[in-house]
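Topology and contacts: notes
Residues per chain, in single letters:
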Amino acid sequence: MFPEIHVFFSGRLPERMAVNAMFNALHFPFALPGQGALEGHRGFMPMRLQHVDTGFEFDVFDNAEMLALMAGAMDPAFDRSVTFRWSGDDEERLAALCTAAALATMLGAVVLDDEAVSPFSAEEAVEKARGMLKWIVPQLEGERAIGFKGGTSPIHLREYLRPLLEARKDLVLVDRYLVMRPVRHVLRGAALGRYDRYAVDIHRLLMPMYDPTVACTSYDQLPGAWEIWEPHFQPLLLDQLREQVFTPLASVTSLSDFAGAMRTRKHPNGEHIIALVRSLLLAGEAEQAAAFVEEGERSANGEHEAELMRKLRGDLDRDIADMCADHHRREADMASVLKLKAIWEPTPFPVELPKASRAARTDEAPFPLAPWAPLPDDLYGALPEELDVPVFSKRLQDQGDAFIRLVPLSREDAEQRHEAHDRYCMVVRLSPTDLLTIHYGVWDQANPGDRRDAGMLAPLDVFVNLRTPGWGLHASFKDEQRDLGRMGRLEIIVHDLERHIHVWQTRLDATKGVRVTEDQRRGKSEVETPMSDTEMAPWLTPVFPFGDYWTLLRRIEACARLAGHGPLPGVPPLAS
């Protein structure tokens, strides 16, 4: 759910001009647009903070349920409320908080936000707003100084998606949801969340309109944080939405398809199983639903699973007309909550129709994958085929079961980034079957959140991965003692890729002065060995001449031998 602020008051809301005058009196750098009263307003309220367009949902209504909940915690004369809702962006929260504080000051009202358990005074709301202004405004001024104009709010998302929205009238952005339209029973699309101030996260959104509990899970999240300041952000976003979101979701056009998709899910409380059975029942496939429940009853492991099957058995025995009526109500409620009424088509469930007309009258609309936004020629690069010849890129883009090079770099450009401790990636093929990747650094001078002084080197983290048939090697150097001139932590992990387990790992931790080794080849034995700074120092530096990946591999392989592993898979025995 989205964060909210409530203002509880009595009487009528003031005119916008009066609120703007209060903004000035409180030294809040905002202004409400337009003229006239706030009474009866529902929907988005645009605002501007310096160079940043922002805003919030602003709804005026008498929330009897919320008022009853707060009974005893505030003046009983307060019989009205307004609600501010936003999507998680800092500027949106600040705009909502400043407006709530101004209204509360004018009306003698109280405020309740998502951090409080009871309403607080207008004076406290003003202090909260001023405290947030103290760190937001300098941040915005720094961004303005370097010409940064991006953001992660729905306003910014619409701009990033503009080429796609203009090309595809069967796509619509509603708040942070990019969805196929029209919608009947299954909502399909992407949820674009706020990862942090300079990045978004992306989830595949596949949800029956009557059950939001299976909408977005970690299973559906696209890997990584999608950084809006990168020059390649927009084309990458548009292309990966096509490849990783809409390509798999376009094939889900019926409740039966949705049930099939749920078979591969794993929700902690079994929500995917409930959604699967109910979708089969509503699709008119009661026999399949019964067979699934019967199998679950036979294989139930523990009381939780047994209770889940008893609940689903109750669904099987439920009157189907009653179930349909209940789920139609749920769909209507969800369309209202998600502001989808303009694209939602109330439709019978398949079970309510003759089989011959079910698909035509209840399936979601087909979604062809063309046209799409054009793709720049220089966005991706191939993995190397030639042995022992490294290639470079700004990043590696995870594609689920594989990855590709994102924004290829020349050797010269990569070397400049290496010397500046700016992040880049190196990929080299050690043999026809062995692929080495090195992620160098986590900082970037182009990042508006990078507040390094000119000429100051960033902390240096390095991540090494080697995939060889059946095995994976991962090593990470973490810069946690940079003031001492060395890394603070080295971890080496050996994976058995066929069994999907870590079979051996060791970590050197300079802050604790220990090496901890866990060897599952010998029954999960864990050995902790004290080590002095002098003993650790040779292993903890990731500094290596640009392009000399063997230096890192030698250090990793020698450290693993010291900790008792022996030769590492895919790595020639280079250390003595």
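Residues numbered from 1 in each chain as written. Predicted model: local features only at pLDDT ≥ 70, side-chain atom pairs only at ≥ 80, totals over all residues. Heavy atoms only, no water.

Points about the pattern of salt bridges
Going through the model one piece at a time under the given rule, you end up with 30 salt bridges. Between Arg 85 and Asp 59 there is a salt bridge whose closest N-O contact spans 3.4 Å. Pair noted here: Arg 85 is in strand E4 (residues 80-85) and Asp 59 is in strand E3 (residues 52-61), with a separation of 26 residues, a long-range link. Pair check on accessibility: Arg 85 and Asp 59 agree, each one buried. Across the pair Arg 423 and Glu 230 runs a salt bridge whose closest N-O atoms are separated by 3.1 Å. Within this pair, whereas Arg 423 is found in the loop between helix H14 (411-420) and strand E15 (424-429), its partner Glu 230 is found in the loop between strand E11 (226-227) and helix H7 (233-249), the two being separated by 193 residues in sequence. Residue Glu 230 is classed as buried on the basis of its relative accessible area, which comes to 3%. A single salt-bridge network, built from bridges that share partners, covers Arg 318, Asp 322, Asp 326, Arg 329 and Arg 330. (Salt bridge = Lys/Arg side-chain N within 4 Å of Asp/Glu carboxyl O. Helix = DSSP H or I, 4+ residues; strand = E, 2+ residues; numbered from the N terminus. Buried < 20%, exposed > 50% of the residue type's maximum accessible area, 1.4 Å probe, protein only.)

Some points on the sheet that holds strand E10 (residues 199-208)
Read across the sheet, five strands follow the order E7-E8-E9-E10-E11 without closing on themselves; strand pairing throughout is antiparallel. A single partner strand is all that each edge strand has here, and the edge strands are strand E7 (171-174) and E11. Where strand E8 (residues 177-180) meets strand E9 (residues 186-196), three bridges bridge the pair, whose relative direction is antiparallel. Opposite Tyr 177, over in E9, you have Ala 191 as the bridge partner. (Pairing = 2+ DSSP bridges.)

Points about the packing of helix H10 (residues 286-299) against helix H11 (residues 303-317)
Running from amino to carboxyl end, H10 crosses H11 at an angle of 155°, the nearest separation of the two axes being 9 Å. Considered as vectors, H10 and H11 are oriented roughly antiparallel to each other. Crossing handedness for the pair H10 and H11: left-handed. Residues Ala 289, Ala 290, Val 293, Glu 294, Gly 296, Glu 297 and Ser 299 of H10 pack against Glu 305, Met 309, Leu 312, Arg 313 and Leu 316 of H11. Of the residues belonging to the contact of H10 with H11, the class tally is six nonpolar, two polar and four charged. (Axes fitted to C-alpha atoms, helices over the stretch in contact; angles between N-to-C directions. Parallel < 35°, antiparallel > 145°, perpendicular 65-115°, else oblique. Left-handed = near helix turned anticlockwise from the far one by under 90°. Contact = heavy atoms within 4.5 Å. Nonpolar A, V, L, I, M, F, W, Y, C, P; charged D, E, K, R; others polar.)

Topic: H14
When we look at burial in H14, the residues that qualify are Ala 414, Arg 417, His 418 and Ala 420. Those residues of H14 that are buried lie in contact with strand E13 (391-398), strand E14 (403-409), E15 and strand E16 (435-440). Looking at the residues trailing H14, positive phi occurs at His 421, about 60°.

Section: the nonpolar core
Counting residues in each nonpolar core, the largest one holds 63 residues, and the members touching the most others are Leu 161, Leu 171, Leu 178, Ile 202, Leu 241, Phe 246 and Trp 372. Apart from the residues within four sequence positions on either side, Ile 202 is in contact with Ala 190, Ala 191, Leu 192, Asp 220, Gln 221, Leu 222, Trp 226, Leu 237, Leu 241 and Val 245. The next biggest cluster of nonpolar side chains, apart from the first, holds 44 residues, and it includes Val 52, Leu 94, Ala 96 and Ala 129. (Core = buried A, V, L, I, M, F, W, Y, C linked by side-chain atoms within 4.5 Å.)

Description of a negative patch on the surface
Residues Glu 412, Asp 413, Glu 415 and Glu 419 make up a contiguous surface patch of negative charge. Along the chain, the position of Asp 413 falls in helix H14. (Patch = residues over 30% accessible without salt bridge, like charges linked within 9 Å, V, L, I, M, F, W, Y side chains within 5 Å. Areas by Shrake-Rupley, 256 points an atom, 1.4 Å probe, with all protein chains shown as cover. Lys, Arg positive; Asp, Glu negative; His and termini not counted. Charge placed at Lys NZ, Arg CZ, Asp CG, Glu CD.)

Brief notes about the pairing of strand E22 (residues 525-530)
In terms of burial, E22 is a largely surface element, zero of the six residues being buried. Alignment of strand E21 (residues 514-519) against E22, held across six bridges, turns out to be antiparallel. Counterpart to Glu 518 in the pairing with E22 is Glu 526.

Side note on the packing of aromatic side chains
Where two aromatic rings form a pair, the distance of their centres and the angle of their planes describe that pair. Inspection of the entire model under this criterion finds 16 aromatic pairs. The ring of Phe 367 carries Arg 168 above its face, with NZ or CZ at 4.4 Å from the centroid. (Phe/Tyr/Trp six-rings, centres within 6.5 Å; stacked < 30°, edge-to-face > 60°. Lys NZ or Arg CZ within 6 Å of the ring centre and 35° of its normal.)

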